[in-house]
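The lines below spell out each chain.
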Amino acid sequence: MGLGDSSGFSEIVERAEEMSVLAHALANTERGEGGVILVNSGPGVGRTTLLDAFLRKAADRGARVCAATGSSAETGVEFGVVTQLFPSDGPLAAGLRFARAIGGRDGAPSPDAGRLFEELCQEIRRGPVVLAVDDVQLADAASLRFLLYLVRRLRTAPVLVVLTEPTGPDALPPAFQAELLRHPSCRRLGLLPLSPDGVTRMIAPYVDEADAPRLAAEFHAISGGNPLLLRGLLADHQAARRGERQGRGPAVQPAGRAAFAHAALAWAYRDEPVLFDVACGFAVLGRNATPALVACLVDRGADAVARVMTALDTAGLLHGTAFRSALVGKALLEHVDVEVRAELHRRAARLLHDDGASAVDVAHHLLAAPVDEPWAGRTLITAAEQAVRDGQEEFSLDCLRLAGHHATTEAERAAVVMARVRIGWEIDPRLVTPWLDELRTALGRGLVQGADAAWIVKHLAWQDRFQEAAQSMSALAGNSGGEPWAQAELHVVRQWLRHTCPALDVGAADPATATAQATTPQPSRLSPASYAVEMLGRVLTEGPGDRAVAMAEEILRGCRFGETAVEALEAALLVLVYAERPERALFWCDTLLRQADDRPTGTQVAILSAIRAEVALRQGALETAEQYAGRALEAISLPGWGVAIGSPLAALVRAATESGRTGEAGAWLNQEVPEGMFRTRHGLLYMHARGHYHLAVDRPAAALEDFLTCGGLAKEWGMDVPTFLPWRTSAAQAHLALGHAGQARTLVREQLARPGGSTARCRGVSLRILAATSELARRPALLRESVSLLESCGDRVELLRSLAGQSDALHQMGAPAKARMTARHARTVADACGGDALFRRLFKEEASDSADEPVPLAGDHHGSASLTAAERRVTALAALGHSNREIGRKLFITKSTVEQHLTRVYRKLGVRNRADLGDLLAGTNLTAQAQVMGRASSAAVG
């Protein structure tokens, strides 16, 4: 079936109004009144289809139909259209003879003209006649003159003249149109593209009913309701469905397939060359198209471009000055010669650059057809930087590759390499590694200066090339001159190194550099990153402070994902984390990650996710910590993490260890890491997590070694703050496991005296361990304060440990009921933080193996129904007749939580109320559990 075959996919169902106009004119003709209808529309909207349908209807009603079609191939053939209208063997053959009699090109009429006209009129009076010319604008001049002659003289004859013409540059000459419109019965009939409902009705017979609304919306968005393009889309859709049924894979999007591309060609490549040229200009320029730019691009006049725009708009294809769908332009350009298309892109690149268009828009054309211009390389670099911020990573890298080909000098080559490093860092630092050697060479030759030179040091340190980083830093720091902004960036890098890679002490390595640093004035143009890294350095050396927290919050309020340097975001967030403000760090992390939308990769996403995991650990949210640490490792490659890999790995090891999955934690510790990581802040976190893993697998000596190593390095680097690294309390736990209570007590007291040691979390943990080293009589008071502090700070894992210590102390002091109450509180905390395995380890007597087995229930025809531990506890107390409020009070949960548990229990067990629940539990081990809990509750009340 051809694209123009009206017997196939037909849009006539939507043309009822237009058909009604034509039918009314035909009825007037049948009553002896003449008329003229001029049908016009944009290309592909359906003039010919409408005309053909009307002529069939007129013939069915007994009218004599004389039809012709204009063609550019016959424009020079005299009376070519008249010959089609009045063939020599037809009933109105006198029309052709009369046309020739009144004169051709010379205009001299024949003496027989009057007789022949009367003969033609006699033929016409025998019944209504419809004279139809499709694409009348392509008719030869003699035929046009003859048509006007007939229109003027047959006003009262039963003749209906129907002419079609396109909207646009090749419409009928104005003089011809004016003559037609002077006819009292002449009417112009404009066709518009199909409406969304019209598209639905058109495609409904050919698609599944369930898919029709979705496909109609999709097809209308692409085609604008243009019937010709719709038929192409529909044909591609049906071809894809046939392929799916024949086992060639799922149906694909119809746009861009063969039929649609052919429809676009048929729509644009008519007998109107200006239409095709200008349409290609709009396709090439896309959203940057303006009438003036298109006119310059395709060497057409502004008036011609304006007329084509009118045609495209009436065809439903334009939205503003661009194609409604880029797929139309893409399909159109597929039929343009490769060299012609390349030349259009080259001209478009120059036009847009000279017009001040965005670098990204110019770069699209440069990638399609490079130009040898001095500005091309700079434009590509600028476009690459913008594209990576917009999440177009592949496009960004394509721009950089082409920019490298444009670089002809060492300086230009260095600029391209530096751009690759900047952009590669944002995508995945792994992409930076191949260019560092070349960049160092350029730095040594003075080809890289300013802020770029400062950041080379960071990239070297990140990739575990500390010696080269120190040498580069010394060289840069020794030069106290330079632009203020460059000095500000150098200041940021220096501060970043001090709190990230403190082992990289360039001042100690080079006394001259230290002197230069001391005499260099503080940069006057400080960026958010500069303030943030200074505040982080202060928190890591002096402990938490309100000023640092306030500054961090102020910086974060002015930050946006993708617009603010990741160094500023990281430092400001870590200030909040290490100043024991986890709830504020959580708020800002989540805010920034939401701004990332659905972008799952990139260095910023990786770093923010790693910080979010650390926040979750400090709140005892083990599953959340694992989730974000895993996301951090997925956002960039493992080699891309460089020496910073220690942070996400530490979070994964701690979360897996506390969750009781020591095998998984050990697997993470077997992950290969850079040797230089152990000389960074990230390495301290990693070793600290490894020490806790050793404790969990009963290797306290190895744990103690890790903790003491952490402590030694923290002291050496001036980062001995327990809110960052509570190595003393961790080492104290190892000492306790080894039986060294005195040494444990000394470490705890030291930590309490350190800056930040009095914060709720640090003091809560310290008091718990101090209680373990104290006499039994002192333990309850210490543990009560510990529990209170840890509840206030929100660290549920540490709270669980303190509750375990409190329960144990109460048992030893002869208060088993209170001990069990504490254990139930701990059970609730464990349920909330995913610490079930930790609870089992800490409460061996309260969490026997049988208590966690699925509960076999009498009368359960499906075997046994599995209730969670929390559901079993609620069910046990409900079976004793306790109200929801009483159950919540006994289990330290809200009334709403009790109701939710019971709703799930009723659904699982297939009961409707508590009475049914009591009958169902009769004789099960849950009844015994209920009685035990009842006695415990009574004892607690007593």
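In case you missed it, the structure is sitting above this.
Residues numbered from 1 in each chain as written. Predicted model: local features only at pLDDT ≥ 70, side-chain atom pairs only at ≥ 80, totals over all residues. Heavy atoms only, no water.

Peer 1: I'd like to hear about the pattern of salt bridges, residue by residue, with values.
Peer 2: All told, the structure shown has 49 salt bridges when counted by the stated rule. We note a salt bridge from E658 to R801, for which the minimum N-O separation is 2.5 Å. Taken together, the positions of E658 in helix α34 (residues 646-658) and R801 in helix α42 (residues 796-812) put the pair 143 residues apart, joining distant regions of the chain. On the basis of relative accessible area, E658 is assigned to the buried category, the value being 3%. (Salt bridge = Lys/Arg side-chain N within 4 Å of Asp/Glu carboxyl O. Helix = DSSP H or I, 4+ residues; strand = E, 2+ residues; numbered from the N terminus. Buried < 20%, exposed > 50% of the residue type's maximum accessible area, 1.4 Å probe, protein only.)

Peer 1: Give a description of the nonpolar core that names residues and reports values.
Peer 2: Generally speaking, nonpolar side chains in soluble globular proteins are found buried as a group. Among the nonpolar cores identified, the biggest contains 147 residues, and L497, Y578 and W641 are the most heavily contacted of them. In terms of residues, this core owes the most to one element, helix α29 (residues 566-578), which gives 11 residues. If near-sequence neighbours (up to four positions away) are discounted, W641 is found in contact with W462, A606, I607, A610, A632, L633, I636 and P648. Formed by 100 residues, the second largest nonpolar core is a distinct cluster that contains I37, F260, F276 and V371. (Core = buried A, V, L, I, M, F, W, Y, C linked by side-chain atoms within 4.5 Å. Contact = heavy atoms within 4.5 Å.)

Peer 1: Report on the sheet that holds strand β4 (residues 159-166), specifying residues and quantitative values.
Peer 2: Strand order across the open sheet formed by five strands is β2-β3-β4-β1-β5, with parallel pairing between neighbours. Since the sheet does not close on itself, it has two edges, and those belong to β2 (64-69) and β5 (186-190), each with one partner. Neighbour-to-neighbour, the strand axes of this sheet turn through a mean angle of 15 degrees, independent of strand direction. In terms of strand pairing, strand β1 (residues 35-41) meets β5 through five bridges, oriented parallel. Looking at β5, one finds that V39 is bridged to L189. (Pairing = 2+ DSSP bridges. Axes fitted to C-alpha atoms, helices over the stretch in contact; angles between N-to-C directions.)

Peer 1: Before we move on, can you summarise the environment of S807 with the specific residues and values?
Peer 2: Checked against the element boundaries, S807 lands in helix α42. Residue classification places S807 among the buried positions, given a relative accessible area of 2%. In the structure, S807 is positioned 16 residues away from A823 in sequence and 6.2 Å away in space, judged by C-alpha atoms. Contacts of S807, omitting those with residues within four sequence positions, involve A819, T822, A823 and F843.

What is shown is where atoms sit, not what they do.
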